[in-house]
Structures are given as structure tokens and as C-alpha cells.
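# Examining the three-dimensional arrangement
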Amino acid sequence: MEKRFITFIVLSFLILVGWQFAVSYFYPEAVTPSKDLKTTSSTTPSPSTSSTPQSSENATSTVTPTTSPIETTSSVPIEQQVNQRKLTIKTSQWNATFDNRGALLTSLSIHHLGSREIKGSDYSSLELVSQEGLQKVGAPLRFETETTNFTKILNESNYSINEDAETIILKDGETREIVFTLKNSSGIEAEKRLKIIGGKSTFDFQAKVLNNNQALAAKLLIGPNFGDQSVKAFDVYVNTPPQTLIVQNTKTNFLTGTELERTGDSLSATKTYPGNADWVAVIDHYFAMAVIPPDKTSNAVVYNNFIKENDNTYKGMLSVAIPVVNDQPYLFFIAPKDRDLLATLSVDLLKNKHDLEVILNYGYFAFMVRPFIPVLDLALKGIYKVTYNYGWAIILITLLINVIFFPLKWKSAIAMERAKKMQPKYKEIQEKLKKLKPDDPRAVQLQSEMMQIFKEGNPLAGCLPLLLQLPIFWAVYIYLSMSVNVRHSPFIFWVKDLSVADPTYILPIIMTVASMAATAIMPTPATNDDPAQKMQKVMMTYVMPIIFFVAFFKSAPSGLVLYWMFNSVFGVALQLIINKFVAEPTPAVTK
């Protein structure tokens, strides 16, 4: 999808015919890995055993085979002086279950964002902790040390809990501190302290790891594959694969499993981000878990563990780790990737020290798109409060955008009409030039006249207004493909969810027909007797819409198709008005 030739064709197509919906071609998973990333060799973390990754001296892009955690054994027995049990915390926004064996987060279900109910992609209860990853790799909040034995003790021992209840229900604003404590006869001590406030999407976290009363170097891991566990197949629209995010000096480093692949027989791979990290996160398309340390932390590490499937393929499980600083407060964010929520937390809670909105991956052209997102968000939510339907909100905002850009389209049409009028004269001079030798003085004069005609009737002047609209249309596309508000929102009749494809293909078919109509009535600067122009017109009007239908539109989310479709419909209506008042018969060529 990133081949330059295809990109050129799509971009040219956008400019020529005003198909703003084709920007979906430019929405691959945006990844901006640091050039200094180190790939390291390690034993992979797991609920039972793991070892600390050792960074190579020089940053490389290779992956060194590692030992499977299942094959690693420990010579130190696990002393279970406390019975194993689980503790469930329930709030108005999420429910979380912690297992005192390792003091790990074994289940997390977000059920509300404010008053909006949240469910999994299959409309069941939303589970964000990978249960397969929990069994085969490890659970969020696990530790890793330089010694496999110590790691095994920390992650497999039963911690005592300061709460006796099995379930704690927190009302909004109510605060509870949960403390997990471990003391081992061999001198290992650990503590995990969580301060949870009901109704909040964040909680405070402190950890401490000691060996014979001395600080023991350890890492805290989150993941693997945090996100909606009901998603079984990935795509480029709203079911994108899990990612990790490392923020270094405000630079975002997104990493997917396909960029950290296994080599040979290794069952894990790691990549170290040397230097200071502001904060880290594990995310999927709609949900995120982020850990924000009080100060910059060094050498964040991404792990990709590989689980063998029944068909002998391997599935990657991404986790991210940061060093533990004893008794230092860490802020955890666990919530849907809602723009309002992220922006509010960045300002109110973090005092603009960190920009959590970068969790929303706006792609390579985020600098161009991001300024428009708050306006679109405000407009769509405002219209929704009137219509109570995001489908109608999308249609009305599309109409509003077309009305706002109508002056640009008018100016574009005038420029194209001027170019059309100049075209016969331009071709006439071209014919004269063919009959003259290059050194003929008359050729210089004719070339000068051609340049003058080109300036007066420059067809690029008609394309420029369309190009100026692209950031807006692109921003709408990205917003609709990422907005939690559009997710699971019904429209009419058969369209039960604007975030999934129309199973009947009715919307994509109507959109394709509307696109053909929009292209057919677009003014062109060339004359109709040009065979090349005729072929181009046929390709753009009929062939390209069908190709795009098969490749993109039939599988695109209904909300996006609705936007693209009505953008074409309104475009046709406005173009008919422009043609009525602007277009004039093209003058015949003087013989």
C-alpha cells in the first residue's frame, strides 16, 4: 500500500476528480521507529520465569535467538506462605481482577466511558487482558530482574493483600489503596501499591523490589497484546493489530509485531529504546494502557513473544517494560482512546507535561490533520445531540464541509473553464511549432505565446483549490476511523454499526455510482477530440470507481462509506450549479 507508483496514482486521482475518500490508501500503520533502536537478546518474560534483556553495545536491526521461558528452570523453590486468591475492583467505568500470585492484573473489563456503554467488537463484555498471553507469556504488572530465579519468585509467589474482601465496589470519587506485599525467607521483598479512585480512568501505582534490604534492579511490564480480545482478525480500518508506543522527548515510536519478527527457532525478540523515555503504552485500535513515570526513564524495552498456533504459524504477543524506581509514583491510564478524555487528562492531570493525545495515531501527516480534529469532534458531537444518530451527524457535517468549500470549488471551476477556452489556441500553436525548425526565429515567438496562454489558462490553478481541501477530508477520514463515539453506533435499517462494513454492500454500491456521476460532470481542460483524454475520462469515470470498490469500499466501515458517498452526492449537486453558471461552449479552433 505504500508503493510510490500506487501512491502517485491515488494522489493524482484525488486531485483530478476530487475523490477525497481515496485517502484511505494512505492510512497504513504509522510507525516512526528510532534510528538508534537496539535489538537485544533475552529470555522472554513469563508468569513463571524470565530474565532481563541484555542490550548490545551497538544498535542493530537483527534479532538474536532467545531461550523459551518454558524451558527455563529455577533452583530456588517458591515459598507459598499465603493462600492464592483474587481481588476484584469494580467502578462505574471498569472492573479489574488481580491475582495475588505475582500481584498481577488478570482481567480488565471497561464497560462505560462516561454514560456511554462499551462492549467488545462482538458485543460481549469487553476483556482487555489477553488470557492466552496470561497463560503463555505473563500478565500486566509483572516484574523482570537480571536473575531468572528472582523473576520467578516475584511473579509466582503469593502476595498478601491488605484487603480481606473478594470484591470491592468503589463509588465515583471514593478512594481505596490496595497493597500487595511479598517477603521471602531468602531475602526477596516486593510491594505493589495501587491507589484507585472510583469513576477515574487512571490510578496511581508504586512498586518496591528489595534483595536483603538492598534495591534490586527490576523492570515493570505491561501487556502482552492489550486490547479488545474479541477481535480475531485484523484489518487496516478499525481492527488494526496491537502496538506498543514509546514516547521519547515527545517523539512517538509506534511498533507492531510485524516489525519485530522471530529469527530462526527463537520464540522471542526484543528491541531496546536507548536513552530517556517520557512514557510508554500498549494499545490496540480503540483502547490503551499507558504508564507515565514521574521522571524520564531509561531504556524502555519492547518484547515480542511468539506463540505457536495449530497451523504451525506463530503469533506475536507484544509487551513493553520500563525500569522500576522504588517508591516512585507511576500514573496508569487504562481507557478507550477518546480524544476528549486524553486531552483533558493532559491538561488537568499532567499539566501539559505530557501529551496523551499522541496515543491516537494520526499517521505520517499528523501535523496537518491534528489541528482539525477538535473542531470535527465538537461539530459531530454537537450535531449528535440534536439528531441522536451519528449517521445523520456524518451526513450533515459532510454537507457543511461542502458548503464551506463551495467558494474554492467555484474558483476551481472558473480556472478549469478558462483553461478549456485556452486549449484550442494552445493546440493551434503546437501544430504551427511542429512545422518549424528549432532554430527558426518564429519558433521562439510561438513558444513565448504558449507560455503566456499557459499562464492565463493554467489547469493547475483548478487543481490547487481541490488540493487545499485535502487536509480537511483527510482529517474527517481519520476521525471517523478512530472515534470511539462512532464505534457500535447504528444508522438506519440494515446499518447496525457505523464502525463495520455494510454486509449488504448497499452503501458501497451507491457510493460507487455517486462517484461515477461526480467524475462524469467534472470539467476538464482538454478538448473532447483528444483520444488520450477520452480514454482518461473513461478510466477515471468508470474503471477506477470499480477498482476502488473492490479494493477498499466494500470492506470499509459504514461510517466512512457514508461520508465518502454523501461527499460525492453533495459534490455532484454543487458541480451542477457551478456548471450552470460558469461553463460556456468551448470556442472552435480557428482554421
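Structure: see above.
Now for a look at the structure at hand. (Residues numbered from 1 in each chain as written. Predicted model: local features only at pLDDT ≥ 70, side-chain atom pairs only at ≥ 80, totals over all residues. Heavy atoms only, no water.)

### Looking at the overall build of the protein chain
Operational definition: Secondary structure is summarised from DSSP: a helix means a run of H or I of at least four residues, a strand means a run of E of at least two, and numbering begins at the N terminus for each. Relative accessibility under 20% of the residue-type maximum defines a buried residue, over 50% an exposed one, and the middle range a partly exposed one, all with a 1.4 Å probe and only protein chains included. Under the convention used here, a 1.4 Å probe and the Shrake-Rupley method define accessible areas, while residue burial counts only the protein chains that appear.
When helices and strands are counted, the protein chain shows 13 helices and 22 strands. Across the 591 residues of the protein chain, 54% fall into the buried class. When the accessible surface of the protein chain is split by element, carbon and sulfur atoms take 58% of a total near 26,800 Å².

### Some thoughts on the packing of helix α6 (residues 373-387) against helix α7 (residues 390-404)
Between two packed helices, both the angle of their axes relative to each other and the distance between the axes serve to describe the pair. How we decide: Geometry is summarised by axes, namely lines fitted to C-alpha atoms with helices restricted to the contacting stretch, and by angles between N-to-C directions that run from 0 to 180 degrees. Any angle between 65 and 115 degrees counts as roughly perpendicular, while under 35 counts as roughly parallel, over 145 as roughly antiparallel, and the rest as oblique. Put simply, a crossing is left-handed when the front helix is turned counterclockwise from the back one by less than a right angle, and right-handed when it is turned clockwise. Contacts were defined at the residue level, with two residues in contact if any of their heavy atoms lie within 4.5 Å. Classification used: nonpolar for Ala, Val, Leu, Ile, Met, Phe, Trp, Tyr, Cys and Pro, charged for Asp, Glu, Lys and Arg, polar for all others including Gly.
Contact geometry for α6 and α7: axes closest at 8 Å, N-to-C directions at 125°. Overall, the two elements α6 and α7 adopt an arrangement that is oblique. For the pair α6 and α7, the crossing hand works out as right-handed. Seen from α6, the contacting residues are Leu-376, Ala-379, Leu-380, Lys-381, Ile-383, Tyr-384 and Thr-387; seen from α7, they are Tyr-390, Trp-392, Ala-393, Ile-394, Leu-396, Ile-397 and Ile-401. Of the residues assigned to the contact of α6 with α7, the class counts are twelve nonpolar, one polar and one charged.

### Remarks on empty space enclosed by the protein
This is how the line gets drawn: Buriedness of a pocket was judged along seven lines, with at least five required to meet protein on both sides within 12 Å; pockets are open sets of points on a 1 Å grid over the protein atoms alone, cavities are sets where a 1.4 Å probe fits but cannot get out, and lining residues have an atom within 4 Å of a point. Grid points are joined across faces, edges and corners, and a volume is the space filled by probe spheres set on the points.
Throughout the structure, instances matching the rule amount to six cavities of 30 Å³ or more. Considering the residues around the second largest cavity, the lining is formed by 14 residues, among which Arg-339, Leu-360, Tyr-479, Met-482 and Ser-483 are closest to the centre. Of all the secondary structure elements, the ones that give two or more residues to the lining of the second largest cavity are α6 and α10 (460-482). A per-class count over the lining of the second largest cavity returns seven nonpolar, two polar and five charged.

### Examining the pattern of salt bridges
As a reminder of what qualifies: When a carboxyl oxygen of Asp or Glu is within 4 Å of a side-chain nitrogen of Lys or Arg, the pair counts as a salt bridge.
For the structure on display, the rule yields 19 salt bridges. Among the ionic pairs, Glu-177 bridges to Arg-193, the shortest N-O distance being 3.2 Å. Here Glu-177, found in strand β10 (residues 175-183), pairs with Arg-193, found in strand β11 (residues 188-197); they are 16 residues apart in sequence, far enough to count as distant. Because the salt bridges share partners, they merge into one network encompassing Arg-339, Asp-340, Asp-355, Glu-357, Arg-370, Asp-377 and Lys-381.

### Some words on the pairing of strand β18 (residues 279-283)
As a reminder, the rule being used: For two strands to pair, DSSP has to find at least two bridges joining them.
Most of β18 is tucked away, with five of its five residues classed as buried. Here β18 shows two buried faces, one formed by Trp-279, Ala-281 and Ile-283 and the other by Val-280 and Val-282. Pairing geometry for strand β15 (residues 243-248) and β18, over five bridges, is antiparallel. Across the sheet, the residue bridging to Ile-246 is Val-280, located in β18. Pairing geometry for β18 and strand β19 (residues 287-292), over four bridges, is antiparallel. Following the sheet pairing, Val-282 is matched in β19 by Met-289. Counting the residues that bridge the hairpin from β18 to β19 gives three residues.

### Description of the packing of helix α11 (residues 506-520) against helix α13 (residues 558-581)
Packing of α11 against α13 leaves a shortest axis separation of 8 Å and a crossing angle of 30°. As summarised for this structure, α11 and α13 are arranged roughly parallel, according to the angle between their axes. You can see that α11 and α13 cross each other, and the crossing is left-handed. Residues Leu-507, Pro-508, Ile-510, Met-511, Ala-514, Ser-515, Ala-517 and Ala-518 of α11 lie in contact with α13, whose contacting residues are Ser-558, Val-561, Leu-562, Trp-564, Met-565, Ser-568, Val-569 and Val-572.

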